[in-house]
Amino acid sequence: MNVYLLYNRQTPGERQMMDYAKRLDAAQTPYEMTDADTPQGISLAEAFDVMGRPAIVVARDDGSTVQVWQDAESFPPPSEISYLAHQ
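About the cut-offs
Residues numbered from 1 in each chain as written. Predicted model: local features only at pLDDT ≥ 70, side-chain atom pairs only at ≥ 80, totals over all residues. Heavy atoms only, no water. Core = buried A, V, L, I, M, F, W, Y, C linked by side-chain atoms within 4.5 Å. Buried < 20%, exposed > 50% of the residue type's maximum accessible area, 1.4 Å probe, protein only. Helix = DSSP H or I, 4+ residues; strand = E, 2+ residues; numbered from the N terminus. Contact = heavy atoms within 4.5 Å. Salt bridge = Lys/Arg side-chain N within 4 Å of Asp/Glu carboxyl O. Pairing = 2+ DSSP bridges.

Draft legend 1. Structural context of the nonpolar core. Grouped together as the largest cluster of nonpolar side chains are 14 residues, with contacts concentrated most on Val-3, Leu-5, Tyr-20, Ile-56, Trp-69 and Ile-81. Looking at this core, the elements that each hand over two or more residues are strand E1 (2-7), helix H1 (12-26), strand E3 (55-59) and helix H3 (78-85). Among the elements that make up this core, the one with the highest residue count is H1 (four residues). Among residues more than four places away in sequence, those in contact with Leu-5 are Met-17, Tyr-20, Ala-21, Leu-24, Tyr-31, Glu-32, Met-33, Thr-34, Ala-55 and Ile-56.

Written as structure tokens, this is what we have:
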């Protein structure tokens, strides 16, 4: 599984994702933090139909979507992301 944390630089969403990333580190969950305005971030957003930022994407190794959250208010606890990532 792959976990992507998408955010926009110099926005409140960047700080939210940095805080969330620390919590994922504590849960020993690998993730990739990506600025949504970079070529890679744009590709990820298009591939997973992400319209809002910050966003969390959990995807299988084959690229299929497991779950997408696009609102920091709806982000699940890091333990849920960890569970999904270790499936």
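Read on, since the account is not over.
Draft legend 2. The pattern of salt bridges, seen in detail. Under the definition given, this model contains two salt bridges. Between Arg-9 and Asp-35 there is a salt bridge whose closest N-O contact spans 3.1 Å. Of the two residues, Arg-9 is situated in the loop between E1 and H1 and Asp-35 in strand E2 (residues 32-35); the sequence distance between them amounts to 26 residues. Classification of Asp-35 as buried rests on a relative accessible area of 9%. For the salt bridge of Asp-19 with Arg-15, the shortest nitrogen-to-oxygen distance reads 3.2 Å.

Draft legend 3. Looking closely at the pairing of E3. Along E3, five of the five residues are buried, which leaves the element largely enclosed by surrounding structure. Bridging between E3 and strand E4 (residues 65-69) involves four bridges; their strand directions are antiparallel. Each bridged residue has a counterpart across the sheet, and for Val-57 the counterpart in E4 is Val-68.

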